[in-house]
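If you want the building blocks of each chain, they are given just below.
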Amino acid sequence: MSEIASSTENLETENPQADLASGGATVDTVTEVPVAIVGAGPAGLMLAHRLHRAGIDTVAIDLRTREEISTTQRAGIIESDAAMDLVELGVSDRILRDGYEHEGVDLRFAGESHRIDFKDLVDASVWLYPQTDVFIDLADARDRDGGKVYYGITDPEVRDIESSAPTVRFTADDGTRHEIRARYVVGSDGSRSMCRHLIPEGERKQYFREYPFAWFGFLTEAPMSAPELVYAHSEHGFALISQRTESLQRMYFQCDPTENVDAWSDERIWETMQARVAGADGFTLKEGPVTEKSVLIFRSFVQQPMRWGNLVLAGDAAHTVPPTGARGLNLALHDVKILAEVLERALGSEGEAALADYEPRALNRVWRAQNFSYWMTQMLHTPPSASPFDIKRQEGELDNVVSTRAGRTYLAEQYTGWPSHG
Ligand code: DHB
């Protein structure tokens, strides 16, 4: 074990005049820490939190400002195991007050709703709690625990990942230059990851799929239209009814990937949404002003390997799923649960060899989630080329899911998450 690996304290040297960094460039500070984390979204910060609890210090950096991360709308569903981790690992218990436990979802097709009762089928539930709140809780926990996080950085550089002394350099938001000397570097830098490109081109394999549609997501100041999520298939395209609070709702509808949000007035949005949920039961959405709108691109993506030398990828940096089924954040949190355990072992007596455990355990769930997200997406969306036969076939598939306990259980098991592998 190297000296740095055994250190559980930041060693920060401040000497603006000195040529401290390896490689000759001047930096203002050099910090030695066991783990450097590139990407301070929920995956990076949850990893930092878990490692802190194990007595392992980290420094995390992110190109985005804290404000930017906490206001960018993302998914809203987390598995109950991940929700309970936030509480039990001391991040925050706010989810218990501000979140909503959901014991099922509705699948709606041919104008009728069919409830998938998670509690009854698999004795599980999920929590409606936006990713922005998960981030805010984790960022506050870092502050409370004295964790070092630099937001709004520029010019990140990761070097020497094949050596036992990789470094991360960056410019902080105040213009100062910093170097982190770590034993391990974690790339949790999201779907536009720079870290994933550090794995040599000839060694990495990228699995990729695009879709001929996207989601138009919006927030609306309106009361809840349904107590749980409604995933609606219709001949006009897919719609998803989600919630945020009693007075703020989150909804999505299938659109063209090149759609321009400015072309959508509130009236046009509501007309589209109402048409997609209409049915003989008279279900209608409670309307209100639209306060935020954006287009979400669909992509299925996995890069392997998830580790190269002393660099390890986690979350969207290694894999992206289309949003249907809300697997993205859950997968990322699962990655870092395994990774925290593996890094703790690697920094202890087992050394670097322990890292070999990470990828197979993480990937098992990644590919199952890739299949689930793909399956939900193709079952519920109507491609631009869909024929009347295709729509009817999808209704047949949905009927197969909701009409038997086996079908409903298959969906419920995957929506609520799988047990950790290994
Ligand atoms: C939400 C997003 C999803 O992708 C999903 O499947 C369910 C809910 C949301 O933002 O609430």
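As the structure is a computational prediction, the values presented were derived from the model and not from experiment. (Residues numbered from 1 in each chain as written. Predicted model: local features only at pLDDT ≥ 70, side-chain atom pairs only at ≥ 80, totals over all residues. Heavy atoms only, no water.)

**Student:** Any details on the overall build of the protein chain? Residues and values, ideally.
**Tutor:** The number of helices and strands found in the protein chain is twelve helices and 20 strands. Taking 2.2 N^0.38 as the reference for a compact globule, 422 residues should give roughly 22 Å; the C-alpha atoms of the protein chain span a radius of gyration of 23 Å, in line with that estimate. The principal-axis extents of the C-alpha atoms in the protein chain amount to approximately 75 × 45 × 40 Å. Counting across all 422 residues of the protein chain, residues that qualify as buried make up 56%. (Helix = DSSP H or I, 4+ residues; strand = E, 2+ residues; numbered from the N terminus. Rg over C-alpha atoms; globule rule 2.2 N^0.38 Å. Buried < 20%, exposed > 50% of the residue type's maximum accessible area, 1.4 Å probe, protein only.)

**Student:** Run through the environment of Ala-263, naming residues and quoting values.
**Tutor:** If you trace the backbone, Ala-263 turns up in the loop between β16 (249-255) and α8 (266-277). When its relative accessible area of 41% is taken as the criterion, Ala-263 is described as partly exposed. For the pair Ala-263 and Ser-385, spaced 122 residues apart in sequence, the C-alpha separation works out to 23 Å.

**Student:** Please give an account of the sheet that holds strand β15 (residues 239-243) that cites residues and values.
**Tutor:** With respect to topology, eight strands assemble into an open sheet ordered β7-β6-β14-β15-β16-β13-β17-β20, the strand pairing being mixed. Either end of the sheet is taken by a strand with one partner, and the two such strands are β7 (112-117) and β20 (319-320). By the bridge criterion, seven bridges tie strand β13 (residues 205-220) to β16 in an arrangement that is antiparallel. Bridge pairing links Leu-219 to Arg-250 in β16. Together, β6 (104-109), β7 and β14 (230-232) form the strand contacts of helix α12 (residues 405-415), whose direction differs from that of β7 by roughly 65 degrees. (Pairing = 2+ DSSP bridges. Contact = heavy atoms within 4.5 Å. Axes fitted to C-alpha atoms, helices over the stretch in contact; angles between N-to-C directions.)

**Student:** Which residues make up the domain arrangement of the protein chain, and what values go with them?
**Tutor:** Each assigned domain of the protein chain is listed with its residue range as follows: domain 1 (2-88 + 132-206 + 300-371) and domain 2 (101-129 + 211-297 + 385-416). Placing a centre on the C-alpha atoms of domain 1 and another on those of domain 2 gives a separation of 33 Å. In this complex, domain 1 contributes 21 residues to the contact, which on the side of domain 2 involves 19 residues. Interface area for domain 1 against domain 2, summed over the two sides, is near 1,700 Å², with a carbon-plus-sulfur share of 55%. (Domains from an automatic or database assignment. Buried area = accessible area lost by both parts, 1.4 Å probe.)

**Student:** Got a sec to walk through the nonpolar core? Specific residues and values, please.
**Tutor:** Ranked by size, the top nonpolar core spans 105 residues in total, and within it Tyr-231, Leu-411 and Tyr-415 carry the most contacts. With twelve residues, helix α9 (residues 328-347) is the largest single contributor of residues to this core. Residues lining this core come from more than one domain, with at least three contributed by each of domain 1 (2-88 + 132-206 + 300-371) and domain 2 (101-129 + 211-297 + 385-416). The contacts of Leu-411, once residues within four sequence positions are left out, are Leu-107, Ile-116, Phe-372, Trp-375, Met-376, Met-379 and Val-401. One finds Ala-226, Trp-264, Met-273 and Phe-283 within the second-largest nonpolar core, a separate group that totals 20 residues. (Core = buried A, V, L, I, M, F, W, Y, C linked by side-chain atoms within 4.5 Å.)

**Student:** With reference to specific residues and values, describe helix α11 (residues 388-403).
**Tutor:** For α11, with 16 residues, the first-to-last C-alpha span of 22 Å sits near the 22 Å given by 1.5 Å per residue. Taken residue by residue, α11 has Ile-391, Gln-394, Glu-395, Glu-397, Leu-398, Val-401 and Val-402 as its buried positions. When α11 is viewed along its axis, its buried side chains cluster within an angular range of 160 degrees and face the same direction. Away from the buried face of α11 by more than 90 degrees, exposed residues Pro-388, Phe-389, Lys-392 and Asn-400 are located. (Expected span 1.5 Å × (residues − 1). Arc of directions from axis to C-beta.)

**Student:** Pulling in residues and values, what's your account of the sheet that holds strand β4 (residues 77-79)?
**Tutor:** Ordered by their spatial adjacency, three strands build an open sheet running β4-β8-β5, and the pairing between neighbours is antiparallel. Among the strands making up the open sheet, the edge pair consists of β4 and β5 (100-102). The sheet shows a mean angle of 35 degrees between the axes of neighbouring strands, direction not considered. Pairing of β4 with strand β8 (residues 126-128), which is carried by three bridges, proceeds in the antiparallel orientation.

**Student:** Talk me through the pattern of salt bridges; I want residue IDs and the actual numbers.
**Tutor:** Enumeration over the complete set of coordinates arrives at 30 salt bridges. Where Arg-74 meets Asp-316, a salt bridge forms, and the shortest distance between an N and an O atom there is 3.6 Å. Placement of the pair is Arg-74 in the loop between α3 (66-71) and β4 and Asp-316 in the loop between β19 (311-313) and β20, with a sequence separation of 242 residues. Its salt-bridge partner being Glu-157, residue Arg-177 comes within 3.3 Å of it at the nearest N-O pair. In this pair, Arg-177 sits in strand β12 (residues 177-187) while Glu-157 sits in strand β10 (residues 154-159), placing the two residues 20 residues apart along the sequence. What emerges from the salt-bridge pattern is a single network uniting Glu-341, Arg-345, Glu-350, Asp-357 and Arg-361. (Salt bridge = Lys/Arg side-chain N within 4 Å of Asp/Glu carboxyl O.)

**Student:** Would you mind going over the pairing of β7 in detail, with residue names and values included?
**Tutor:** In this sheet, β7 lies alongside β6 in antiparallel orientation, the contact comprising six bridges. Its bridge partner being in β7, Arg-108 is matched across the sheet by Ser-113.

**Student:** How would you sum up the site of the ligand? Please name residues and give values.
**Tutor:** Every one of the 15 residues lining the ligand counts as a neighbour, but Tyr-231, Ser-242, Arg-244, Tyr-252 and Pro-323 are closest to it. Gly-76 has a polar backbone atom sitting 3.3 Å from an oxygen atom of the ligand. Arg-244 places a side-chain nitrogen or oxygen 2.8 Å from an oxygen atom of the ligand. About the coverage of the ligand: the protein hides 99% of its 290 Å² of free accessible area. Residue assignment for the shell around the ligand shows that the elements contributing at least two residues are β15 and β16. (Near = heavy atom within 4 Å. Polar contact = N/O pair within 3.5 Å; in protein donor to acceptor, adjacent residues only side chain to side chain. Areas by Shrake-Rupley, 256 points an atom, 1.4 Å probe, with all protein chains shown as cover.)

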